[in-house]
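# Chain and residue survey
One letter stands for each residue in the lines below.
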Amino acid sequence: MIERILLADSGNGHSEEMLKALMAIPSMQRASVTVLHVVQPQITAEAMAAKREQGQQLLEAAIQSLHLDSGNVTTILREGNPKDEVCRVADEIDADLVIMGSRGLKRLEAILEDSVSQYVFQASSRPMLFVKDDIYVKQIHRVMVAMDNSDSAKKSLDLATFLLRDVKGGQLLLTHVNPKKERSGVTMHNPEQDPVLAPAVAAAKKWGIAYRCISTSGKPGEEICRLAEEMSVDLLMLGSPDRRPAIGKGLPDLDRLLGGSLSDYVRVYANCPVLLERTVG
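Scoring rules and cut-offs
- In every chain, residue numbers begin from 1 and rise along the written sequence.
- Note on the predicted model: pLDDT of at least 70 is required for a residue's local features to be given, and 80 or more for side-chain atom pairs to be given and counted; whole-chain, interface and lining totals, by contrast, use all residues.
- Only hydrogens and water are set aside when side-chain values are computed; all heavy atoms of the structure are taken into account.
- Secondary structure elements follow DSSP: runs of H or I no shorter than four residues count as helices, runs of E no shorter than two count as strands, and numbering proceeds from the N terminus.
- Contact between two residues is taken to exist if any of their heavy atoms lie within 4.5 Å; hydrogens are not considered.
- Interaxial angles span 0 to 180 degrees and are taken between N-to-C directions of axes, which are lines fitted to C-alpha atoms, for helices over the stretch in contact.
- For any helix crossing, the convention is left-handed if the near helix is rotated counterclockwise from the far helix by under a right angle, and right-handed if that rotation is clockwise.
- Amino acids are sorted into nonpolar (Ala, Val, Leu, Ile, Met, Phe, Trp, Tyr, Cys and Pro), charged (Asp, Glu, Lys and Arg) and polar (every other residue, Gly among them).
- The quantity called pLDDT is the predictor's confidence in a given residue, expressed from 0 to 100.
- When DSSP locates at least two bridges between a pair of strands, those strands are taken to pair.
- The definition of a right-handed crossover adopted here requires that, viewed with the strands pointing away, the path from the first strand over the helix to the second runs clockwise.
- Each nonpolar core is a collection of buried residues, namely Ala, Val, Leu, Ile, Met, Phe, Trp, Tyr and Cys, held together in the definition by side-chain atoms within 4.5 Å.
- Partly exposed residues are those whose accessible area sits between 20% and 50% of the maximum for their type, while under 20% is buried and over 50% is exposed, using a 1.4 Å probe and protein chains only.
- Any carboxyl oxygen of Asp or Glu within 4 Å of a side-chain nitrogen of Lys or Arg constitutes a salt bridge here.
- Each angle is binned into one of four classes, with values under 35 degrees roughly parallel, values over 145 roughly antiparallel, values of 65 to 115 roughly perpendicular, and all other values oblique.

Glancing now at the side chain of S156. Here S156 lies in helix α6 (residues 151-164). Every residue in contact with S156, bar those within four places of it in the chain, is listed here: V145, M237, L238, G239 and E277.

Between helix α8 (residues 220-230) and helix α10 (residues 262-269), whose axes approach to 9 Å, the crossing angle comes to 35 degrees. Our pair here, α8 against α10, has a crossing hand that is right-handed. Each of P220, G221, E222, I224 and C225 in α8 lies in contact with α10, whose residues at this interface are L262, Y265, V266 and Y269. For the contact of α8 with α10, the residue count by class is 7 nonpolar, 1 polar and 1 charged.

Put simply, the protein has an average pLDDT of 84, and 83% of its residues get 70 or more. Across the protein, strand β6 (residues 142-146) holds the top mean pLDDT of 97, while helix α4 (residues 107-112) sits lowest at 42. Across residues 243-249, confidence stays below pLDDT 50; counting only partners more than four residues off in sequence or on other chains, it has 13 contacts.

With 7 bridges connecting them, strand β2 (residues 32-39) and strand β3 (residues 73-79) associate as parallel partners. Across the sheet, V35 pairs through a bridge with T75, a residue of β3. What joins β2 to β3 is helix α2 (residues 45-66), and the crossover it makes is right-handed.

Of all hydrophobic cores here, the largest spans 47 residues; its most connected members are I5, L22, M28, I99, L163, L172 and M237. The biggest single contributor to this core is α6, with 6 residues. Non-local contacts of I99, meaning those with residues more than four positions away in its chain, are made with I5, L6, L7, A8, S15, M18, L19, L22, L129 and V131. Counting residues in each nonpolar core, the second largest holds 35 residues, with I76, C87, A146 and A270 among its members.

Turning next to the pattern of salt bridges. Close approach of charged atoms allows side chains of opposite charge to pair. Tallying each qualifying case throughout the model produces 14 salt bridges. For the salt bridge of R78 with E85, the shortest nitrogen-to-oxygen distance reads 3.3 Å. Here E277 and K155 are joined by a salt bridge, their closest N and O atoms 3.7 Å apart. Here E277 is found in strand β10 (residues 274-280), whereas its partner K155 is found in helix α6, with 122 residues between them in sequence. For E277, a relative accessible area of 5% puts it in the buried group. Here K155 falls in the partly exposed class, since its relative accessible area comes to 36%. Each of the salt bridges in this network shares a partner with another, and the network as a whole consists of E3, R4, D91, D94, D96 and R126.

Okay, unusual backbone geometry next. A positive phi is found at D94, a non-glycine position, where the angle reads about 55 degrees. You will see that S232, though not glycine, has its phi angle at about 50 degrees, which is positive. Within the secondary structure, S232 is located in the loop between α8 and β9 (235-242).

Attention now moves to the packing of helix α3 (residues 82-92) against helix α5 (residues 116-123). Two packed helices can be described by the angle between their axes and the distance between those axes. Relative orientation of the contacting elements α3 and α5 amounts to 40 degrees, with a least axis distance of 9 Å. Judged by the inter-axis angle, α3 sits oblique to α5. In this structure, the crossing between α3 and α5 has a hand that is right-handed. Counted together, P82, K83, D84, V86 and C87 of α3 and V116, Y119, V120 and A123 of α5 form the full contact between these two elements.

What follows is about the environment of M128. The residue M128 is located in strand β5 (residues 128-132) in this model. The exposure class of M128 is buried, given its relative accessible area of 0%. When the C-alpha positions of M128 and L276 are compared, they lie 5.3 Å apart, and in sequence the two are 148 residues distant. Setting aside chain neighbours within four positions, we find M128 in contact with L97, V98, M100, S117, V120, F121, V274, L275, L276 and R278.

Written out as structure tokens, the structure reads:
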């Protein structure tokens, strides 16, 4: 399901460690990887040449650090605005997953500080894996999927089973937060009877993946982050449908600015890497 990965490498953060953890999973080892570094324009030609040299050195160091098969990895050094170039290269290689570091800025801060990851998240409909600068990347054994009835959540489940079906000791944590109940944190005694989780349970059984169900209530963003921390999740996955038409891609998403986006809340506050599966519409 993931054949082409784009690692947008700025030289900071834990994105390289995240890629190594991902590539250690048996089902991922045939995937091709493109490592991208973007050099921003400089005032003088000499400064630009120095930046290009630094960028090339960064890419070479990344390849050595990743220990990947040379036949499955490509490096790209681009000049321009990192926000635009990441989106452009993702389209050029038809990336199935984009991995980026993130400072974990809140919604308005991310817009005002010209966050590259926030811009790419808004402009692209490709699945994205965010790795905050202040978290520790672990081997991937415990994957949590936040389920609802959306197509993007179903895609998250498909990807999670793809990752875990050959992972020894792996566990799939299936969660559903009902936002309509008045009381928060009320856990259903028989969560497998939750109709939202039933298809996910069937998928886990089909692939022989150990699983656990949690059906609770409250504000979805807060509950998902709380559960991820309590259960020491290695990777959190949830759907993030793109609600905007193509003409609005370059405009700030008011839902996110005003705090209406579940995916943006989780991206900021979760204490583990977050993979946002995307669907258009």
